Amino acid sequence: MLQKLQTEITAARKYGLLLVLSLLTAVLIQGRMTTESLIGGFLVACLLLSILYRDIQRYKPQYMKKYSMLVLLGLMIVTTVILGRFSHFVLLNLSKGFGSLSVEGSVYGMPIAAGAMLVTLLFDFHTAIFFSFIVSLFSGLWLNDAVYPVYAFVGSLTAAFSVMRCKKRSALLRGGVFTGAANIMTAIILLLFQGQLFTEKAVSTILFATSSGISVTAVVSLFLPVLEYAFTLTTDISLLELLDLNQPLMKNLMINAPGTYHHSVIVGSLVESAAEAVGVNPLLARVSAYYHDIGKVKMPEYFVENYSGTVSKHERLTPHMSSMIITSHVKEGVELLRHEKLPQAIIDIVQQHHGTSLMTYFFQKAKDQEIANQPAEEEYKYPGPKPQTRVAALVMMADAVEASSRVLTDPTPARITALVDRIINHIFLEGQLDECELTLKDISEIKKHFSYILTGILHKRVDYPGFDFSEKGRKENEKGGIGGALSTPGTDEGPHKESAKAHKDGSQTNKKGLPEASYVIRS
């Protein structure tokens with residue numbers, strides 16, 4: 001009953017927003033304020049905004065779940081109309097001041113296309129198409145011009161197209177150039193259609209159409225960071241800035257937890273390769289992977305990838321205490337990201353990248369130690385929630401796969417594929433992917449991309465003549481005096497021994513279907 005009431009309240013808020021936006025738009029598109037005109041404008045606005053609302057409801061339901069996104073979209077429609085009317089007023093008086101410019105051409109300098117460019121950057125291209133269509137019709141209504149909507153629609157679509165893969169703020173300037181060029185071509189075609197190409201109006205029309213590209217870039221550059229901050233949104237531009245190694249968090253991770261940093265970079269490569277295949281933003285996936293284990297900087301020495309010695313700190317702790325330390329890196333990561341004001345989308349992925357998975361290694365260790373009083377499974381699980389988005393699920397799978405790949409001493413393509421298949425199947429059967437939108441086809445594509453990337457990373461190299469790093473070669477080098485320098489302490493007590501131990505542990509747990517030590521401690 002309560003849930004039904006909440007649903008009705010949410011629906012009422014959305015319809016209320018639709019009516020308020022319709023009324024505001026109706027006022028803004030009035031040429032002369034009369035009761036009939038206002039009512040007609042309100043009904044036209046209701047009709048057009050209802051079409052947009054139904055389109056979002058059908059094709060972009062994720063925006064329906066966030067009321068703030070609907071408010072933003074409505075605000076951008078109203079703001080674009082206001083911007084158009086204000087710029088028209090300024091340009092009209094400017095052309096009158098010059099005297100030599102035709103007043104009729106001033107309408108072609110309005111930066112209407114800026115709205116569509118912003119919608120593409122903050123929402124998506126599909127939404128920008130409908131936005132362009134509706135705003136173009138509104139502009140034609142207040143100008144009482146049946147031709148101008150064509151000009152506004154073509155310019156808006158060009159602006160939206162030009163920033164679809166925008167990853168730098170300098171790309172906005174290029175988008176403005178393309179928009180200006182499209183506006184000039186469209187203006188010439190419309191002048192030709194009206195039979196006014198060789199009149200005085202043509203000169204001012206082409207000049208104002210040229211200036212519109214510059215004004216579009218200026219408006220977008222001004223409003224984009226403001227809207228990003230006000231509505232806590234992420235664009236590819238802001239995501240790319242988060243990959244900068246001079247970011248305080250990234251620099252801290254690289255210096256204090258180099259093993260975790262390297263692990264995160266590989267996870268980033270894995271998720272980016274599979275992101276396109278499952279229809280998510282590759283840049284968001286990569287950035288989320290870079291920051292997914294940022295909480296480990298608080299206690300890096302308790303995670304296996306950052307071990308500096310051969311003895312684990314967990315050997316002196318109870319399994320329950322170890323599990324608490326391991327799970328704390330998720331909470332610590334969320335707090336760090338919030339303190340640094342990173343986008344909420346990344347914080348959510350960090351919080352969800354382990355879901356409610358069981359730390360099998362420590363749980364099994366506790367069971368072996370406490371035979372009389374068996375520990376509860378819930379005490380050795382991550383708090384969750386489970387991945388809610390495809391990006392979060394991608395990061396979870398890549399994290400587990402990369403960590404488990406460390407147990408492979410002979411990483412042939414067949415073994416890597418089998419490992420990837422085993423780990424992802426385990427996550428799937430555990431129910432960690434139940435709350436995201438991944439399909440079985442998506443999971444199959446993810447496996448293929450993960451296997452391909454890992455095969456390239458874990459490739460073999462030929463043996464170099466004169467450099468034998470095997471046990472037999474080490475002993476021979478020690479006898480050979482100066483040649484003994486080729487055998488470092490790490491050859492016996494460091495990486496090789498650890499790898500062998502991990503492989504041994506992994507072989508035991510592989511019988512159960514999952515290399516536990518690698519999957520649990522590193523992830």
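Remember, it's a predicted structure, so these values are computed and weren't measured experimentally.

Caption draft 1: Summary view of the overall build of the protein chain. Regarding its fold elements, the protein chain presents 23 helices and zero strands. In the protein chain, which comprises 523 residues, the proportion classed as buried is 48%. For the protein chain, the proportion of contacts with a sequence separation of at least 24, taken over those separated by at least 6, is 73%. Accessible surface, the protein chain: about 26,100 Å² in total, of which carbon and sulfur atoms supply 62%.

Caption draft 2: Local environment of unusual backbone geometry. Here Gly 384 and Pro 385 are connected by a cis peptide whose omega angle stands at 5 degrees. Structurally, Pro 385 can be placed in the loop between helix H16 (360-369) and helix H17 (390-404). The phi torsion at Thr 232 lies on the positive side, around 45 degrees, for a residue other than glycine. Tracing the backbone through its elements, the reader meets Thr 232 in the loop between helix H9 (200-230) and helix H10 (236-242). Residue Lys 341 is not a glycine yet carries a positive backbone phi of 60 degrees. Its location among the elements puts Lys 341 in the loop between helix H14 (319-339) and helix H15 (344-352).

Caption draft 3: Main features of the nonpolar core. The biggest cluster of nonpolar side chains holds 65 residues, and the ones touching the most others in it are Phe 123 and Tyr 148. The element best represented in this core is helix H4 (residues 67-98), accounting for nine residues. Core analysis: the second largest hydrophobic core is formed by 58 residues, Ala 274, Ile 346, Ala 393 and Ile 416 among them.

Caption draft 4: Layout of the confidence of the model for the protein chain. This prediction gives the protein chain a mean pLDDT of 86; 88% of its residues lie at or above 70. Mean pLDDT values over the elements of the protein chain span from 36, in helix H21 (residues 489-493), up to 96, in helix H7 (residues 148-162).

Caption draft 5: Here's a closer look at the packing of aromatic side chains. For the structure on display, the rule yields nine aromatic pairs. With 6.0 Å between their ring centres and 65 degrees between their planes, Tyr 108 and Tyr 148 make a pair best called edge-to-face. Highlighted residues: Tyr 108 in the loop between H4 and helix H5 (113-122) and Tyr 148 in helix H7, separated in sequence by 40 residues. The class of Tyr 108 is buried, set by a relative accessible area of 1%. Ring geometry for Phe 125 against Phe 161: centres 4.6 Å apart, planes inclined by 45 degrees, an arrangement best described as tilted. With Phe 125 in helix H6 (residues 125-143) and Phe 161 in helix H7, this residue pair connects regions lying 36 residues apart in the sequence. Looking at Phe 125, the relative accessible area reads 18%, which means it is buried. We classify Phe 161 as exposed; its relative accessible area is 52%.

Caption draft 6: Geometry of the side chain of His 353. Following the sequence through the fold, His 353 ends up in the loop between H15 and H16. Residue His 353 is classed as buried on the basis of its relative accessible area, which comes to 1%. Of note is the side chain of His 353, whose polar atom sits 3.4 Å from the side chain of Asp 293. With near-sequence residues (within four places) excluded, His 353 lies in contact with His 292, Asp 293, His 329, Val 330, Val 395, Met 396 and Asp 399.

Caption draft 7: Geometry of helix H18 (residues 413-429). An ideal rise of 1.5 Å per residue puts 24 Å on 17 residues; H18 measures up with 24 Å between its terminal C-alpha atoms. Every buried residue of H18 is listed here: Ile 416, Leu 419, Val 420, Ile 423, Ile 424 and Ile 427. With its buried residues spanning 115 degrees around the axis, H18 presents them on a single face. Set apart from the buried face of H18 by more than 90 degrees, the exposed residues are Ala 414 and Leu 429. The first or second residue beyond H18 is Gly 431, which carries a positive phi of 85 degrees.

Caption draft 8: Structural context of the pattern of salt bridges. Here the structure, examined in full by the defined rule, presents 13 salt bridges. Asp 124 is paired through a salt bridge with Lys 60; the nearest N and O atoms lie 3.9 Å apart. Taken together, the residues Asp 124 in the loop between H5 and H6 and Lys 60 in the loop between helix H2 (35-59) and helix H3 (61-64) connect sequence positions 64 residues apart. Measuring nitrogen to oxygen at the nearest pair gives 3.1 Å for the salt bridge that ties Glu 332 to Lys 298. Here Lys 298 lies in the loop between helix H13 (282-291) and H14 and Glu 332 lies in helix H14, a separation of 34 residues in the sequence. The class for Lys 298 is partly exposed, based on a relative accessible area of 46%. Ionic contacts of the salt-bridge type, sharing partners, join the residues Arg 169, Glu 228 and Glu 241 into one network.

Caption draft 9: Structural view of the packing of helix H12 (residues 258-278) against helix H19 (residues 440-457). The interhelical angle for the contact between H12 and H19, taken along N-to-C directions, is 145 degrees, at an axis separation of 9 Å. Between H12 and H19 lies a crossing of right-handed hand. Of the residues in H19, those in contact with Ile 266, Ser 269, Leu 270, Val 271, Ser 273, Ala 274, Ala 277 and Val 278 of H12 are Asp 442, Glu 445, Ile 446, His 449, Phe 450, Ile 453, Leu 454 and Ile 457. When grouped by side-chain class, the residues that make up the contact of H12 with H19 number 11 nonpolar, three polar and two charged.

Caption draft 10: Looking closely at H9. For H9, built from 31 residues, the straight-helix expectation of 45 Å at 1.5 Å per residue is met to within 8% by its first-to-last C-alpha distance of 45 Å. Along its length, H9 reaches its greatest deviation from straightness, about 25 degrees, at Phe 223, and the proline Pro 225 lies no more than four positions downstream. Of the residues trailing H9, Thr 232 is marked for its positive phi of about 45 degrees.

Caption draft 11: Molecular detail of the environment of Ala 128. Take Ala 128: it is sitting in helix H6. Here the alpha-carbon distance between Ala 128 and Ala 116, two residues 12 residues apart in the chain, equals 5.2 Å. For Ala 128, the contacting residues outside a window of four places in its chain are Ala 116, Val 119, Thr 120 and Ala 160.

Caption draft 12: Representation of a nonpolar patch on the surface in the model. Where nonpolar side chains cluster on the molecular surface, the patch consists of Leu 2, Leu 5 and Ile 9 and spans about 300 Å² of accessible area. Relative to the helices and strands, Leu 2 resides in helix H1 (residues 2-28). You can call Leu 2 exposed: its relative accessible area is 59%.

Analysis parameters
- Residues numbered from 1 in each chain as written.
- Predicted model: local features only at pLDDT ≥ 70, side-chain atom pairs only at ≥ 80, totals over all residues.
- Heavy atoms only, no water.
- Helix = DSSP H or I, 4+ residues; strand = E, 2+ residues; numbered from the N terminus.
- Buried < 20%, exposed > 50% of the residue type's maximum accessible area, 1.4 Å probe, protein only.
- Contact = heavy atoms within 4.5 Å.
- Areas by Shrake-Rupley, 256 points an atom, 1.4 Å probe, with all protein chains shown as cover.
- Core = buried A, V, L, I, M, F, W, Y, C linked by side-chain atoms within 4.5 Å.
- pLDDT = per-residue confidence, 0-100.
- Phe/Tyr/Trp six-rings, centres within 6.5 Å; stacked < 30°, edge-to-face > 60°.
- Polar contact = N/O pair within 3.5 Å; in protein donor to acceptor, adjacent residues only side chain to side chain.
- Expected span 1.5 Å × (residues − 1).
- Arc of directions from axis to C-beta.
- Salt bridge = Lys/Arg side-chain N within 4 Å of Asp/Glu carboxyl O.
- Axes fitted to C-alpha atoms, helices over the stretch in contact; angles between N-to-C directions.
- Left-handed = near helix turned anticlockwise from the far one by under 90°.
- Nonpolar A, V, L, I, M, F, W, Y, C, P; charged D, E, K, R; others polar.
- Bend = angle between axes of the 7 residues up to and from the residue.
- Patch = residues over 30% accessible without salt bridge, like charges linked within 9 Å, V, L, I, M, F, W, Y side chains within 5 Å.

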